[in-house]
Amino acid sequence: MSATEATDPKVLLGHHLKKLKLPTVLAEYEKQARQCAEQGIDYPRYLLRLAELELIERQRKMVERRIRAAKFPATKSLDSFDFKALPALSKLLVLELARSEFIIRRENIIALGPSGTGKTHLAIGLGLAACQKGMTVGFVTAASLVNQLAEARDEKRLIRLQTSLAKLQLLIIDELGYVPLSQTGAELLFEVISGRYERGATIVTSNLAFEDWTSVFGSERLTGALLDRLTHHVHILEMNGDSYRLKQSKARKQSS
Ligand code: ADP
Ligand code: MG
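Read on for a plain summary of the structure.

What counts and how
Residues numbered from 1 in each chain as written. Chains lettered and ligands numbered in written order. Predicted model: local features only at pLDDT ≥ 70, side-chain atom pairs only at ≥ 80, totals over all residues. Heavy atoms only, no water. Helix = DSSP H or I, 4+ residues; strand = E, 2+ residues; numbered from the N terminus. Buried < 20%, exposed > 50% of the residue type's maximum accessible area, 1.4 Å probe, protein only. Axes fitted to C-alpha atoms, helices over the stretch in contact; angles between N-to-C directions. Parallel < 35°, antiparallel > 145°, perpendicular 65-115°, else oblique. Contact = heavy atoms within 4.5 Å. Nonpolar A, V, L, I, M, F, W, Y, C, P; charged D, E, K, R; others polar. Expected span 1.5 Å × (residues − 1). Bend = angle between axes of the 7 residues up to and from the residue. Near = heavy atom within 4 Å. Polar contact = N/O pair within 3.5 Å; in protein donor to acceptor, adjacent residues only side chain to side chain. Areas by Shrake-Rupley, 256 points an atom, 1.4 Å probe, with all protein chains shown as cover.

**Topic: the environment of Lys19**
Here comes step 1: You can see Lys19 is positioned in helix α2 (residues 9–19).
Here comes step 2: Residue class for Lys19 comes out exposed when judged on its relative accessible area of 66%.
Here comes step 3: Taking C-alpha positions, Lys19 is 57 Å from Ser215, a pair spaced 196 residues apart along the chain.

Shown next as structure tokens:
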């Protein structure tokens, strides 16, 4: 008798399935075997079920990983976005963008509008939709990105950070314009955007109209070069409206 026959097959099977990294098959094979026997389902279909369950679970875990890695500041989805609050914003365009094809085409999105109009909410919603399709996404505010880049440069790991930013299929840079950048800060941010040009998709949100971007970047030449790259393949979302926060707190006060 061989060693394989002498040992409890379940023990060995468990061992092999772990080694093959098939945890869902391991967790499910007995239950599914019972069900398939009851329902008269044949062996190929039994195996197919197990393979499908493993794939579904793998996909779910991958999406979870993508969402965690993106570092979204909050959980917001487009399902909870009230398009009626922004009549000038095309819902059709936003829903089309949520199909994430602009990411495959390496196009950009710029969302412009005053504070509280849902720019961050929308950007997270589009980022989440991309994660759900298995894409790699990163979310960062402009100020934090510049800090991270400066820190990486001081610690001589700037190239590593730049490479990892360039690799993301979608990078979301939120809140450009709230804080003016130092000259090196502006240059570092420019390098990121320029490094992603036609290589990856970028979403930028800003409270400033394009003509005021020079005040953030300091130099007209740099702003021009940046806008040139960013707007070559771009969808602009004009989010001009009243602050949703303000409207909600007013509505709350009126109803109380
Ligand atoms: P911004 O980034 O433009 O300053 P946010 O996206 O942070 O605005 O929105 C402020 C708050 O209001 C968030 O809690 C957001 O979820 C909510 N909000 C804004 N606009 C909408 C909207 N159209 N539908 C639903 N919630 C919204
Ligand atoms: Mg915001």
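Now, onward.
**Focus on the packing of helix α8 (residues 142–154) against helix α10 (residues 183–196)**
A pair of packed helices is characterised by two quantities: the angle between their axes and the separation of those axes.
Here comes step 1: At a minimum axis separation of 9 Å, α8 and α10 run at an interaxial angle of 95°. Between α8 and α10, the crossing angle belongs to the class labelled roughly perpendicular. From α8, Leu145, Val146, Leu149, Ala150 and Arg153 reach across to α10, where they touch Thr184, Gly185, Leu188, Leu189 and Val192.
Here comes step 2: For the contact of α8 with α10, the residue count by class is 7 nonpolar, 2 polar and 1 charged.

**A look at helix α3 (residues 23–39)**
Here comes step 1: With 17 residues, α3 extends 24 Å from end C-alpha to end C-alpha; this agrees with the ideal 24 Å at 1.5 Å per step.
Here comes step 2: Along α3, the largest kink reaches about 50° and is centred on Tyr29.
Here comes step 3: Within the span of α3, buried status applies to Thr24, Val25, Glu28, Tyr29, Gln32 and Cys36.
Here comes step 4: Buried-residue contacts for α3 involve α2 and α4 (43–70).

**Observations concerning the site of ligand 1**
Here comes step 1: Of all residues adjacent to ligand 1, which total 15 residues, the nearest are Lys76, Asp82, Gly116, Thr120 and His121.
Here comes step 2: Between ligand 1 and Lys119, the relevant distance is 2.8 Å, taken from an oxygen atom to a side-chain nitrogen or oxygen of the residue.
Here comes step 3: The separation between an oxygen atom of ligand 1 and a polar side-chain atom of Thr120 is 2.7 Å.
Here comes step 4: In isolation ligand 1 offers 550 Å² of accessible surface; the protein chains occlude 85% of this area.
Here comes step 5: The dominant element in the shell around ligand 1, judged by the number of residues it contributes, is helix α7 (residues 119–132), at 3 residues.
Here comes step 6: Broken down by class, the residue content of the shell around ligand 1 amounts to 4 nonpolar, 7 polar and 4 charged.

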